[in-house]
Amino acid sequence: MDLTGIHNPLVKAAAELKQKKYRQQQGLFLAEGLRTVEEAVAARTAQSVFYTAIEDDRTRAVLERAAARQIKLYCVSDGVMKKIADTETPQGIIAVCAMQSPALEQLVASGKLLLVLDRVGDPGNLGTMLRTADAAGIGGVILLKGCADIYAPKAVRSSMGSLFHLPVLAGVSEEELVSGVRRAGYQLLVTCLDGADNLYKADLSGRLAFVMGNEANGVSAGLLAAADKRVYIPMQGRAESLNVAMAAGIVMFEALRRQMS
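Described in the following lines is the structure provided in the data block. Note on numbering: residues in each chain are counted from 1, in written sequence order. At least 70 in pLDDT is required for a residue's local features to be given in this predicted model, at least 80 for side-chain atom pairs to be given and counted, and no such filter applies to totals for whole chains, interfaces and linings, which use all residues. In computing side-chain values, all of the structure's heavy atoms are included and hydrogens and water are not.

Observations concerning the sheet that holds strand S8 (residues 168-172)
Argument step 1. Strand order across the open sheet formed by seven strands is S8-S7-S6-S11-S9-S12-S10, with parallel pairing between neighbours. With partners counted over all chains shown, the strands left at the sheet margins are S8 and strand S10 (197-198), one partner each.
Argument step 2. Bridge analysis of strand S9 (residues 187-191) against strand S12 (residues 229-232) gives three bridges, and the strand direction is parallel. Its bridge partner being in S12, Val190 is matched across the sheet by Arg230.
Argument step 3. Any two residues whose heavy atoms approach within 4.5 Å at even a single point are treated as in contact. Comment: axis = line fitted to C-alpha atoms, over the contacting stretch for helices; angle = value between 0 and 180 degrees taken between N-to-C directions. Secondary structure follows DSSP: runs of H or I at least 4 residues long count as helices, runs of E at least 2 residues long count as strands, and numbering of each begins at the N terminus. Helix-sheet contacts for helix H7 (residues 123-135) involve strand S6 (114-117), strand S7 (140-144) and S8, and the interaxial angle to S6 is about 170°. Note on pairing: DSSP must find at least two bridges between two strands before they are called paired.

Focus on a nonpolar patch on the surface
Argument step 1. On the surface, Met235, Leu242 and Met246 cluster together into a nonpolar patch covering about 260 Å² of accessible area.
Argument step 2. Considering the arrangement of structural elements, one finds Leu242 in the loop between S12 and helix H11 (244-260). Residues enter patches when they are more than 30% accessible in relative terms and free of salt bridges; like-charged ones are connected within 9 Å and nonpolar ones (Val, Leu, Ile, Met, Phe, Trp, Tyr) within 5 Å. Under the convention used here, a 1.4 Å probe and the Shrake-Rupley method define accessible areas, while residue burial counts only the protein chains that appear. Any carboxyl oxygen of Asp or Glu that lies within 4 Å of a side-chain nitrogen of Lys or Arg is treated as forming a salt bridge with it.

Examining helix H9 (residues 174-183)
Argument step 1. Residues Leu177, Val178, Gly180 and Val181 constitute the buried set of H9.
Argument step 2. Backbone geometry just downstream of H9 places Gly185 in the positive-phi region, at approximately 85°. Note on exposure labels: buried denotes an accessible area under 20% of the residue type's maximum, exposed denotes more than 50%, and partly exposed covers the range between, all computed with a 1.4 Å probe on protein chains only.

Section: the packing of aromatic side chains
Argument step 1. A pair of Phe, Tyr and Trp rings is counted when the ring centres sit within 6.5 Å of each other, with Trp represented by its six-membered ring. The angle between the planes then sorts it: under 30 degrees is stacked, over 60 is edge-to-face, the rest tilted. Counted by the stated rule, this structure contains three aromatic pairs.
Argument step 2. Ring geometry for Phe29 versus Phe164: centroids 6.1 Å apart, planes at 20°, classification stacked. With Phe29 in strand S2 (residues 28-32) and Phe164 in the loop between helix H8 (153-159) and S8, this residue pair connects regions lying 135 residues apart in the sequence.
Argument step 3. Centre to centre, the rings of Phe50 and Tyr74 are 5.1 Å apart; their planes meet at 25°, and the pair counts as stacked. Residue Phe50 is found in strand S3 (residues 46-51), and its partner Tyr74 is found in strand S4 (residues 72-76); the two are separated by 24 residues along the sequence. Here the two residues Phe50 and Tyr74 agree in accessibility, since each one is buried.
Argument step 4. Through a chain of ring-to-ring contacts, three or more aromatic side chains come together here, namely Phe29, Tyr151 and Phe164.

With respect to the pattern of salt bridges
Argument step 1. With the rule as written, the count across this model stands at eleven salt bridges.
Argument step 2. Note that Asp149 is salt-bridged to Arg23, the shortest N-O span being 2.8 Å. Of this pair, Asp149 sits in the loop between S7 and H8 while Arg23 is found in helix H2 (residues 20-26), placing the two residues 126 residues apart along the sequence.
Argument step 3. For Asp149, a relative accessible area of 13% puts it in the buried group.
Argument step 4. The partner of Arg258 in a salt bridge is Glu254, with the nearest N and O atoms 2.8 Å apart.

Some remarks on the layout of surface pockets
Argument step 1. Of the pockets and cavities examined, the largest pocket occupies roughly 640 Å³.
Argument step 2. Only protein atoms enter the 1 Å grid, on which a cavity is a set of points fitting a 1.4 Å probe that cannot get out and a pocket is an open set with protein on both sides within 12 Å along at least 5 of 7 lines, lining residues being those with an atom within 4 Å of a point. As for the largest pocket, its lining consists of 23 residues, of which Thr191, Cys192, Leu193, Ser241 and Leu242 are closest to the centre.
Argument step 3. Breaking the lining of the largest pocket down by element, the ones donating at least two residues are S12 and H11.
Argument step 4. Broken down by class, the residue content of the lining of the largest pocket amounts to 14 nonpolar, seven polar and two charged. Grid points are joined across faces, edges and corners, and a volume is the space filled by probe spheres set on the points. Gly falls in the polar group here, along with every residue not listed as nonpolar (Ala, Val, Leu, Ile, Met, Phe, Trp, Tyr, Cys, Pro) or charged (Asp, Glu, Lys, Arg).

Below is the structure:
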């Protein structure tokens, strides 16, 4: 179907998904860019795809796969694409996707390592940590209440498709997290400075849920009190701290290194 008017109800509904309240109301979000749309189609998460033109074989292939899976396709004008897109210079293809809704019990059942995010405020950091968790073989990501929206356009772009590879659960309370992971036999491991062990000397065996805290304030007092293990990342230079996404990557890949050694 061709869509050229920016006031078309389908266009308006898609453009509204740039705002959190509409994403939450509809349980839908936008995946922008060819690579991200490819992953959304492959994961059977995409419900519809808007595109401006078929300019190469890769775009043609993803649209053919989408059509084969009965995903609705809309060829739109550049003006419509700009209306829907979050970026200033859109790549010309966007998918409307369904949010994940795994239960906590389902997410922890795999027994793999988990990444827990506590009040992380930057969507770019969220997406980067999700991508890194995917690369490190983490079993799932839990976002506690107070985090930025993992389905915000910047977070989705930063995840580079990894949002469609891992189970992700948002809006979990501290109490739900602690009781849920404990029942499944996990230990909570938090990054902090007080009373912490050197990451490279700490015991990283068994089921672990790595907790990364807010960019400015770190992990909450409640989670610090509930922690089974505390670790810090030793630094040799003059920098006072690491970006939370970088710190998460170091912790997760150190755990992976131990598993592989």
